[in-house]
Every structure is written in structure tokens, then in C-alpha cells.
Amino acid sequence: MSSVLYDAQGPRAKRRNVLFTGVFVVAVAAVVWWVYTSLDDKDQLEWALWKPFFSGTEAWSTYIWPGLKNTLKAAALAMVIALPLGAFLGIARLSDHAWVRVPAGVVVEFFRAIPVLVLMIFGQALYANYTNVSSDDRPLYAVVTGLVLYNAAVLAEIVRAGILALPKGQSEAAVAIGMRKGQVMRIILLPQSVTAMLPAIVSQLVVIVKDTALGGAVLTFPELLASANTMIGYYGNTIASFTVVAVIFIVLNFSLTSFASWLEARLRRSKKSTGAVVGVDMIEDLETAGHAAPGQGSGLKE
């Protein structure tokens, strides 16, 4: 069946697609077979190498679970700090006041341009030379600092882009009824842009979870990947250990993205129109703004 966006395939197109599909399946099967035979030839599939993960709890309780807790701890702290900081910087970049907009732009562009690993190393040196943070806690502080500075800058751009993507008529209509810029941002723009920004925000949160591994590689932070390296030294099962760690990261990040997809769908269903969801307290603000003197709310500047 043809439509405006799609033309029905003819016999030649169908045969060609079947041929391409068959070639692709054969190629994938060949790669899988090559990987399997290579691992089997090097005795990496022996049960003795995989047994620690399926028989007993020593590997999980001694190595994997402590490393996973440190990964989740660093990622959670970075998320909690970076999200509001990024939102603040993103909104500040939209300010009408140059003394607010310019410094916020400098901060965002500066930290967005520096690799997160460099920020972690600087954080380690900072805490070692100028603070009383103990050597045991220093790697965690450095990892969180680097993640916060870099990801807050990236999230600021996501917030700014999400707000600017909204039709200008939204803010113009709000200004026409006498709302101040702070009210326009809080009541009109942010509630609508959150749904549009959610996929990009979650993608950045996934990056935070994965970047915790940089602290383990350079700063001796005992996160999941660093724990796997220690476990490899004890069991001698490199492929098995890295495979288990990779699966844990996949499950963790997939759970995060699945929750975000569910939340995004719920937010979209809760809105019956393209307008913002207005609560009782917001209605009172709107009524106050509507009865304000004409000279008080005629512009965006407070």
C-alpha cells in the first residue's frame, strides 16, 4: 500500500531487500562464529574462568558489588549537583542582563571545552594541595568534581536549546497578559521544555555513569571497572570479568533510559494540549500578574 511518505515495493525491490537481509545475517553469523572460535582456541570459554560468577558469591561480594556501589555513588552525586547547576547556567545564558549572561556563557564554554579526565586530575591536585580531604576520599571528590563541572556545562546547553526551541508566541502571549520574565520562565517555558529536553538529559546522565570509569583508570577510584581489574589479577579471567562488567553497565544504563522513556510518555499523556500544565498556585500567580498595573509587566525584564 502506497502513502504520501512511502511507496509500495515492487518485486525487484522485495528480492533485493531479501538478498541484503540474507547477506547481513550471514555476515553477523560469521562474525559471531569467529569470535566464538577465537575465544575457544585461547581457552577463554572454560568453565573454570566463568565459575566465580555463577558458583558462590565471593566474586560478587568482594569485587563487583563494592565497585558497583562506588560507581553508583559517584554518578548519583554528580547527577544531583550537575542537574540544577546546569539548569541555572542554561537559564542564566538567556538573561537580558549582560552581567549575568556573559559570565554564564564563559563558564559554560570553558568547562565544556576541557576533557572531563583533565578536570578530574585538576580536582585531585586541588584537593591534595589546598584542602584537608583525606587521601581515601580524595579520588571520589575529584571524580565527582570533574563530572559535575563538565556535565553541568553540557546540560546548560541542553536546557538553553530546549527553551529556545519553543515557539516565541508562548512567551509573547504571557507577556501580553502582564507576566514578568521570571513567571514566564517558571510557569510557561520550563514545564513545556522539560519533556522535549528529557531524552538529551538522560543521554547525558548515561555519560555520567560511564565516565566514572575514568576515575578508576587514572585516580585509583575503586569503581566497577577498577574492581574488575583487581578481580582479574586474582582469578586470571580477563574476558569473563570484562564481559560481566559490560553486562552490568548495559543493564544499568538501559534501566535509566527505560525509566526516562516511561517518564517522558507519562508527561506527554498528562498534557491535553501543547500548553503548560498549570496548577492552583500558578493560577494565583497568573491572576496576580493579570491585575498588575500596565506599566509593571509590559516587558520581559523584571
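Residues numbered from 1 in each chain as written. Predicted model: local features only at pLDDT ≥ 70, side-chain atom pairs only at ≥ 80, totals over all residues. Heavy atoms only, no water.

Requested: an account of the overall build of the chain, with residues and values cited.
Secondary structure summary: the chain contains eleven helices and zero strands in total. Going from the N terminus to the C terminus, the chain shows its helices and strands as α-α-α-α-α-α-α-α-α-α-α. Evaluated residue by residue, the chain yields a buried proportion of 36% over its 302 residues. The long-range share in the chain, meaning contacts at least 24 apart out of those at least 6 apart in sequence, stands at 74%. For the chain, the exposed area adds up to about 18,100 Å²; of that, 66% sits on carbon and sulfur atoms. (Helix = DSSP H or I, 4+ residues; strand = E, 2+ residues; numbered from the N terminus. Buried < 20%, exposed > 50% of the residue type's maximum accessible area, 1.4 Å probe, protein only. Contact = heavy atoms within 4.5 Å. Areas by Shrake-Rupley, 256 points an atom, 1.4 Å probe, with all protein chains shown as cover.)

Outline helix α9 (residues 224–235), supporting the account with residue identities and numerical values.
A rise of 1.5 Å per residue sets the reference length of α9, with its twelve residues, at 16 Å; its end C-alpha atoms lie 16 Å apart and thus fit the reference within 8%. Of all the positions in α9, only L224, A226, S227, A228, M231 and I232 are classed as buried. Where α9 is buried, its residues contact α2 (47–54), α3 (58–92), α8 (181–218) and α10 (238–270). The backbone nitrogen of L225 lies 2.8 Å from a side-chain oxygen of the residue at the head of α9, namely E223. Directly beyond the C-terminal end of α9, a positive phi value near 70° is found at G236. (Expected span 1.5 Å × (residues − 1). Polar contact = N/O pair within 3.5 Å; in protein donor to acceptor, adjacent residues only side chain to side chain.)

So what's going on with a negative patch on the surface? Which residues, and what values?
On the surface, D40, D41, D43 and E46 cluster together into a negatively charged patch. Looking at where D40 falls in the secondary structure, it is placed in helix α1 (residues 11–41). What makes D40 partly exposed here is its relative accessible area of 38%. (Patch = residues over 30% accessible without salt bridge, like charges linked within 9 Å, V, L, I, M, F, W, Y side chains within 5 Å. Salt bridge = Lys/Arg side-chain N within 4 Å of Asp/Glu carboxyl O. Lys, Arg positive; Asp, Glu negative; His and termini not counted. Charge placed at Lys NZ, Arg CZ, Asp CG, Glu CD.)

Tell me what's going on with the pattern of salt bridges, and back it up with residues and numbers.
If charged atoms from side chains of opposite charge come close, those side chains can pair. The final tally for this structure, using the stated rule, is five salt bridges. Here E157 and R93 are joined by a salt bridge, their closest N and O atoms 2.6 Å apart. Of this pair, E157 sits in helix α6 (residues 138–164) while R93 sits in the loop between α3 and α4 (98–113), placing them 64 residues apart in sequence. Grouping residues by exposure puts E157 and R93 together as buried. Note on E157: relative accessible area 14%, which makes it buried.

Could you give an account of the confidence of the model for the chain, naming the residues involved and the relevant values?
Residues at a pLDDT of 70 or more form 87% of the chain, whose mean pLDDT is 83. The low-confidence segment residues 273–280, where pLDDT is below 50, has eleven contacts with residues more than four positions distant or belonging to other chains. Per-residue pLDDT stays below 50 along residues 293–302; that stretch engages in 13 contacts with residues further than four places along the chain or on separate chains. (pLDDT = per-residue confidence, 0-100.)

Any details on the environment of F122? Residues and values, ideally.
On the secondary structure map, F122 appears in helix α5 (residues 116–130). Distance from F122 to A142, taken between C-alpha atoms, is 7.8 Å for residues 20 residues apart in sequence.

Give me the packing of α9 against α10: which residues, what numbers.
As a packed pair, α9 and α10 sit with axes 9 Å apart at the nearest point and diverge in direction by 160°. Considered as vectors, α9 and α10 are oriented roughly antiparallel to each other. As α9 packs across α10, the resulting crossing turns out to be right-handed. Between α9, through L224, L225, A228, N229, M231 and I232, and α10, the contact on the second element is made entirely by T238, S241, F242, V245, I248 and F249. For the contact of α9 with α10, the per-class residue count stands at nine nonpolar, three polar and no charged. (Axes fitted to C-alpha atoms, helices over the stretch in contact; angles between N-to-C directions. Parallel < 35°, antiparallel > 145°, perpendicular 65-115°, else oblique. Left-handed = near helix turned anticlockwise from the far one by under 90°. Nonpolar A, V, L, I, M, F, W, Y, C, P; charged D, E, K, R; others polar.)

For α3, give the residues involved together with the corresponding values.
Between its first and last C-alpha atoms α3 spans 50 Å; for 35 residues at 1.5 Å apiece the expected length is 51 Å, and the two agree. Of all the bends in α3, the greatest reaches close to 35° and is centred on I64; the proline P66 follows between one and four positions later. (Bend = angle between axes of the 7 residues up to and from the residue.)

Give me the lowdown on the environment of V80, citing residues and values where you can.
With respect to the element layout, V80 can be found in helix α3. Looking at V80, the relative accessible area reads 59%, which means it is exposed. A sequence separation of 68 residues divides V80 from V148, and the C-alpha atoms of the two residues are 9.0 Å apart.

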